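One letter stands for each residue in the lines below.
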Amino acid sequence: MIVYCLTILFISSLLSSQYNFLAAFLQLLPLAVSFADPLPAPILSTDPRHDVYYEGERVAIICLAPTMRKIGGFRFFNQTGEQIDLRTPYSLTTAWLQLTATIASAGEYTCMYFLKESGEEIPSNRSLPLSVKVQAAPMAPTLSLDPQQQVYRPGNHVNLLCSFPSSPDDVKEVQYYADFGLAVSIPVSNVKNYSFNLRIMGEEVSGSYSCAYFVIKSTRPVRSEKSRWISVNLKNLEEGFQMDYREE
């Protein structure tokens, strides 16, 4: 009888220890599974945020990784699935892809991020697709010279006449460009064209010129396409130049 009772106590103790081991194992199992879970997909957005962009505007596509783990890098993809940008090594949880809006750049974008552990890449799922819509910029203005001459000399004046195809009420600003960079930006109101008076006093003004205008679209200023470039050719030049402005 005593042996029988001792046997029962031994078996009960053994079963209790096995149960405790099994319970502890089952508690650790979710943790082990969680490490094998796929990384959460990143969140894709744009800055600035617009329903539509116009050609020439700058837009940043932003990929945010919703994780506290150390990032190894980011990949961006176009709507065909082709990788268009790779950022690695990269430790931040946000990556930016800078674009200049064109008709060709319109479409859907996705991104993903990855970790690097023990020399291996662990990829996240891809983000949901983000659509970037692009429309053509406002029509280019016409740039002409007055007077029109093949060659200008020191002391001459030439008007760079920028004529707008849009309604005068729509145009809010005109910009003139030279082949050495932006020359001048001028606010305008209710004008069909703008005349930029170039006083020729030196060879610095010799070169090519263009112009563009700004109109308000979707509550923001949008630049038109640039006009064709025209040349101002000079000879027998010595000193600098001065600029005057006149609306018409």
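The preceding data block contains the structure.
Described below are features of the structure shown in this document. Model, not experiment: these values are computed from the prediction.

### Section: the overall build of the chain
Inference 1: Along its length, the chain carries one helix and 19 strands.
Inference 2: A buried classification covers 37% of the 248 residues belonging to the chain.
Inference 3: Put simply, 65% of the contacts in the chain that link residues at least 6 apart link residues at least 24 apart.
Inference 4: By element, 56% of the accessible surface of the chain is carried by carbon and sulfur atoms, the whole surface being about 15,000 Å².

### Considerations on the pairing of strand E7 (residues 107–117)
Inference 1: In terms of burial, E7 is a largely internal element, eight of the 11 residues being buried.
Inference 2: Where strand E4 (residues 73–77) and E7 come together, five bridges link them in antiparallel fashion. Paired with Arg75 across the two strands is Met112, which belongs to E7.
Inference 3: The pairing of E7 with strand E9 (residues 130–132) spans three bridges and is classified as antiparallel. Looking at the pairing, Glu108 lines up with Ser131 of E9.
Inference 4: One ladder, built from four bridges, connects E7 with strand E8 (residues 120–123); its direction is antiparallel. By the bridge assignment for E8, Phe114 is matched with Pro123.

### Digging into the sheet that holds strand E1 (residues 43–47)
Inference 1: If you walk across this open sheet you meet the three strands as E1-E3-E6, and the pairing is antiparallel. Edge strands, defined here as strands with exactly one partner in the open sheet, are E1 and strand E6 (94–100). With strand direction ignored, the average angle separating the axes of adjacent strands in the sheet is 20°.

### Details of the packing of aromatic side chains
Inference 1: What the rule picks out here adds up to five aromatic pairs.
Inference 2: Ring geometry for Phe74 versus Tyr90: centroids 5.5 Å apart, planes at 85°, classification edge-to-face. Residue Phe74 is located in strand E4, and its partner Tyr90 is located in the loop between strand E5 (83–87) and E6; the two are separated by 16 residues in the primary sequence.
Inference 3: Take Phe74: its relative accessible area is 0%, and that puts it in the buried class.
Inference 4: Judged by relative accessible area, Tyr90 falls into the buried class, the value being 16%.
Inference 5: With a centroid separation of 5.5 Å and 55° between ring planes, the pair formed by Phe164 and Tyr213 is classed as tilted. In this pair, Phe164 sits in the loop between strand E12 (157–163) and strand E13 (171–178) while Tyr213 sits in strand E16 (residues 207–217), placing the two residues 49 residues apart along the sequence.

### Brief notes about the nonpolar core
Inference 1: Among the nonpolar cores identified, the biggest contains 27 residues, and Leu143, Leu160, Phe164, Val174, Tyr176, Ile186 and Tyr209 are the most heavily contacted of them.
Inference 2: Going through the elements one at a time, strand E11 (142–146), E12, E13, strand E14 (181–187), strand E15 (193–199), E16 and strand E18 (230–232) are the ones with two or more residues in this core.
Inference 3: The residues touching Phe164, leaving out its near neighbours within four places in the chain, are Pro141, Val171, Val174, Val191, Lys192, Asn193, Tyr194 and Tyr213.
Inference 4: In this structure, Val59, Ile71, Tyr109 and Val132 belong to the second largest nonpolar core, which totals 22 residues.

### Points about the side chain of Ser105
Inference 1: For Ser105, the location among the structural elements is in the loop between E6 and E7.
Inference 2: Among the residues examined, Ser105 registers a relative accessible area of 12% and is labelled buried.
Inference 3: Sequence-distant contacts of Ser105, defined by excluding residues within four places in its chain, comprise Thr100 and Val134.

### As for the state of the cysteines
Inference 1: One pass over the full model with this rule turns up two disulfides.
Inference 2: What pairs with Cys63 in a disulfide is Cys111, and their sulfur atoms sit 2.0 Å apart. Measuring handedness by torsion sign, the sulfur bridge of Cys63 and Cys111 sits at about 80° and is right-handed. A residue pair is termed long-range when its members are at least 10 positions apart, and Cys63 in strand E3 (residues 58–64) and Cys111 in strand E7 qualify at 48 residues.
Inference 3: Look at Cys63 and you get buried, because its relative accessible area is 0%.
Inference 4: Across a sulfur-sulfur distance of 2.1 Å, Cys162 and Cys211 are joined as a disulfide pair. In this structure, the disulfide formed by Cys162 and Cys211 twists by about 85° around the S-S bond and is classed as right-handed. Taken together, the residues Cys162 in strand E12 and Cys211 in strand E16 connect sequence positions 49 residues apart. Each member of the pair Cys162 and Cys211 is classed as buried.
Inference 5: Disulfide connectivity for the chain, with bonded cysteines indexed by sequence position, reads 1-2, 3-4.

Rules and cut-offs
- Residues numbered from 1 in each chain as written.
- Predicted model: local features only at pLDDT ≥ 70, side-chain atom pairs only at ≥ 80, totals over all residues.
- Heavy atoms only, no water.
- Helix = DSSP H or I, 4+ residues; strand = E, 2+ residues; numbered from the N terminus.
- Buried < 20%, exposed > 50% of the residue type's maximum accessible area, 1.4 Å probe, protein only.
- Contact = heavy atoms within 4.5 Å.
- Areas by Shrake-Rupley, 256 points an atom, 1.4 Å probe, with all protein chains shown as cover.
- Pairing = 2+ DSSP bridges.
- Axes fitted to C-alpha atoms, helices over the stretch in contact; angles between N-to-C directions.
- Phe/Tyr/Trp six-rings, centres within 6.5 Å; stacked < 30°, edge-to-face > 60°.
- Core = buried A, V, L, I, M, F, W, Y, C linked by side-chain atoms within 4.5 Å.
- Disulfide = S-S within 2.5 Å.

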